[in-house]
Amino acid sequence: MTDLTRLTAAEVADLVASGGTSAVEVTQAHLDRIAAVDDRVNAFLHVDTEGALAAARAVDERRVAGEELGPLAGVPVAVKDVLTTKGVPTTVGSKILEGWRPPYDSTLVQRLRAAGTVMLGKTNMDEFAMGSSTEYSAYGPTHNPWDLSRIPGGSGGGSAAALAAYEAPLAIGSDTGGSIRQPGAVTGTVGAKPTYGGTSRYGLVAFSSSLDTPGPCARTVLDAALLHQVIGGHDPRDSTSIPQPVPDVVGAAKLGATGDLTGVKLGVVTEFTGEGAEPGVMAAFRESVEALAKLGAEIVEVSCPHFKYALPAYYLIAPSECSSNLARFDGVRFGLRTGDDGNRSLEEVMSLTREAGFGPEVKRRIMIGTYALSSGYYDAYYGQAQKVRTLITRDFTSAFEQVDALISPTTPFVAFPIGARTSDPYQMYLADLFTIPTNLYGGPAISVPCGLSDGLPVGLQIMAPTMADDRMYRVAAALESTVGTFTPPAL
Ligand code: GLN
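Per an unreviewed UniProt entry, the chain goes by Glutamyl-tRNA(Gln) amidotransferase subunit A and derives from Micromonospora globispora. For the record of the chain, the UniProt heading Function (unreviewed entry) holds the text "Allows the formation of correctly charged Gln-tRNA(Gln) through the transamidation of misacylated Glu-tRNA(Gln) in organisms which lack glutaminyl-tRNA synthetase. The reaction takes place in the presence of glutamine and ATP through an activated gamma-phospho-Glu-tRNA(Gln)." Annotation of the chain in UniProt includes, under Subunit (unreviewed entry), the sentence "Heterotrimer of A, B and C subunits."

J.: Explanation requested: the nonpolar core in the structure shown.
T.: In globular proteins that are soluble, nonpolar side chains generally tend to be buried together. Core analysis: the largest hydrophobic core is formed by 151 residues, its most contacted members being Phe128, Ile172, Leu406, Ile407, Leu460, Ile462 and Tyr473. Per-element tally for this core: the top contributor is helix 10 (residues 310–325), with nine residues. Not counting the four nearest positions on each side in its chain, Ile407 is found in contact with Leu266, Gly267, Val268, Val269, Phe285, Val289, Leu292, Leu460, Gln461, Ile462 and Met463.

J.: Looking at this model, I keep getting lost on the UniProt feature "active site" (unreviewed entry) in the chain. Mind explaining?
T.: Residues annotated in UniProt with the feature "active site" (unreviewed entry) correspond here to Lys80, Ser155 and Ser179. Despite a sequence span of 100 residues, these residues sit close together in the fold, their greatest C-alpha distance being 10.7 Å. The subset of these annotated residues that lines the largest cavity comprises Ser179. With respect to the secondary-structure elements, Ser155 resides in the loop between strand 3 (118–123) and helix 5 (157–164). Residue classification places Ser155 among the buried positions, given a relative accessible area of 0%. Other than its neighbours up to four places away in sequence, Ser155 contacts Lys80, Asn124, Met125, Asp126, Ala129, Met130, Gly131, Ser132, Thr134, Ser179 and Pro183.

J.: Got a minute to help me understand empty space enclosed by the protein in this structure?
T.: In this approach the atoms are scanned with a rolling probe the size of a water molecule, which exposes any empty space left behind. Tallied over the entire structure, the rule returns four cavities of 30 Å³ or more. Lining the largest cavity are 13 residues; nearest its centre among them are Ala129, Gly131, Tyr314, Tyr315 and Asp432. For the lining of the largest cavity, the class distribution of residues is five nonpolar, six polar and two charged. When its volume is computed, the second largest cavity comes out at roughly 60 Å³. In this structure, the second largest cavity is lined by 13 residues; those nearest its centre are Gly198, Gly233, Val246, Pro247 and Met467. Residue composition of the lining of the second largest cavity, by class: five nonpolar, seven polar and one charged.

J.: Explain the UniProt feature "domain: Amidase" (unreviewed entry) in the chain here, please?
T.: In this numbering, the UniProt entry assigns the feature "domain: Amidase" (unreviewed entry) to residues 25–471. The span residues 25–471 carries 38% helix and 14% strand; its end-to-end C-alpha distance comes to 36 Å.

J.: Sorry if this is basic, but what is going on with the pairing of strand 9 (residues 405–409) here?
T.: The two faces of a sheet get side chains in turn, since along a regular strand they alternate between them. Most of strand 9 is tucked away: five of the five residues are buried. For strand 7 (residues 265–269) and strand 9, the ladder comprises three bridges, and the chain directions are parallel. Bridge pairing in strand 9 links Gly267 to Leu406. One ladder, built from four bridges, connects strand 9 with strand 11 (residues 456–463); its direction is antiparallel. If you follow Pro409 over to strand 11, its bridge partner there is Leu460.

The rules behind these values
- Residues numbered from 1 in each chain as written.
- Predicted model: local features only at pLDDT ≥ 70, side-chain atom pairs only at ≥ 80, totals over all residues.
- Heavy atoms only, no water.
- UniProt positions renumbered as here; feature names shortened; annotations may be inferred.
- Core = buried A, V, L, I, M, F, W, Y, C linked by side-chain atoms within 4.5 Å.
- Buried < 20%, exposed > 50% of the residue type's maximum accessible area, 1.4 Å probe, protein only.
- Helix = DSSP H or I, 4+ residues; strand = E, 2+ residues; numbered from the N terminus.
- Contact = heavy atoms within 4.5 Å.
- 1 Å grid on protein atoms, 1.4 Å probe; cavity = no way out; pocket = protein on both sides within 12 Å on 5 of 7 lines; lining within 4 Å.
- Points joined across faces, edges and corners; volume = space filled by probe spheres on them.
- Nonpolar A, V, L, I, M, F, W, Y, C, P; charged D, E, K, R; others polar.
- Pairing = 2+ DSSP bridges.

Structure below.
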């Protein structure tokens, strides 16, 4: 019998549509797999068994009634716990929201439901999406299915690990500085950050609103594109949503899969090929660049001189926005309330709640951001960082006058051992060295597996101009057609 958990999302959808299997059977197979492995992986914070089976039954009934099913009907999906789900716990990996059941669905989740996908549950993440390893989750770390003693990346490590462990064929992540792409890279899966505003932030718990971008995670490029198509597009409930249709990402992935990149010009970012990356990562990257050239792509070097300032600029802008966004967690409106014994003032209760509810990394960011935004320092820190952001955008604009897309390794290093970087925040921040520029600019970028280093996955990043998301899918699918996909050792 076919192991339904090993199929791609496209295969599952075809099988369900043709009646070769039922959505209930597919869902049950994934629930069984979660039950068998998730005590070791810890990808899920909440498994919605009843909700998933009910959604699957509804798909099966619609099929039997002869109704037309969407392209992903009956396909299970794991959702990062940063998106609100009506009646289903949403914690953002934080104690401060423990037990909170949102009264509404985020736009992405609404679209997933409307498309007939089956939500299995909510995945683990660094608290408030701040981190690069999922070790900052208040609910314990997620383990990388390639090596359970290593991190699965972050902040969306739960979603990436769920894919690599065959607990779900599709997942949703959110990318503020790399949290879809970096976990994708270190788990050997595909992760795409859409153009900022190309996917709705309505119901996405805010970290840094000018950067936050929800997006698709999958084991193949086509699956990521199919999911992107379903979740993307204009949403009047998000004022920064772009009022344009989703670029034809599915068509582009299919075109790329033919393995022909004739006429495509790719720029290797000079600043990302020198120091800072592990030799094994650079070796896998260089081999992939050669593979892309063999497919017909023209490869040139492009200098983006301001990319080296992206990390420091991000670590002022993101904490500044977070210090403002997280003010709403005050013990009054949502989740945890501590010290409300009738004798304490409102301010004392707020302070005790925030002290008990937020973890150390979240507190660090709130403090950095509050400082950077304070009246005496605003121009020196936040103002300067915004100017750097403009220079980085100009680097991208000028690069895209020379090439169709930029390429680099996704991360400087492969999955590191759990505990190796938690004592030094800067070492953790370095994980996003190559992913952050794109967030500051707002364009799309994808990470696609490109090889192994010491038996651990390496990702290649493709960055494209804003609203040219289709371009990165074409290149990613072409690379996948030659390097293949990567399967971790059996759990
Ligand atoms: N690792 C980065 C950070 O800690 C990015 C996180 C993200 O993309 N959500 O801020």
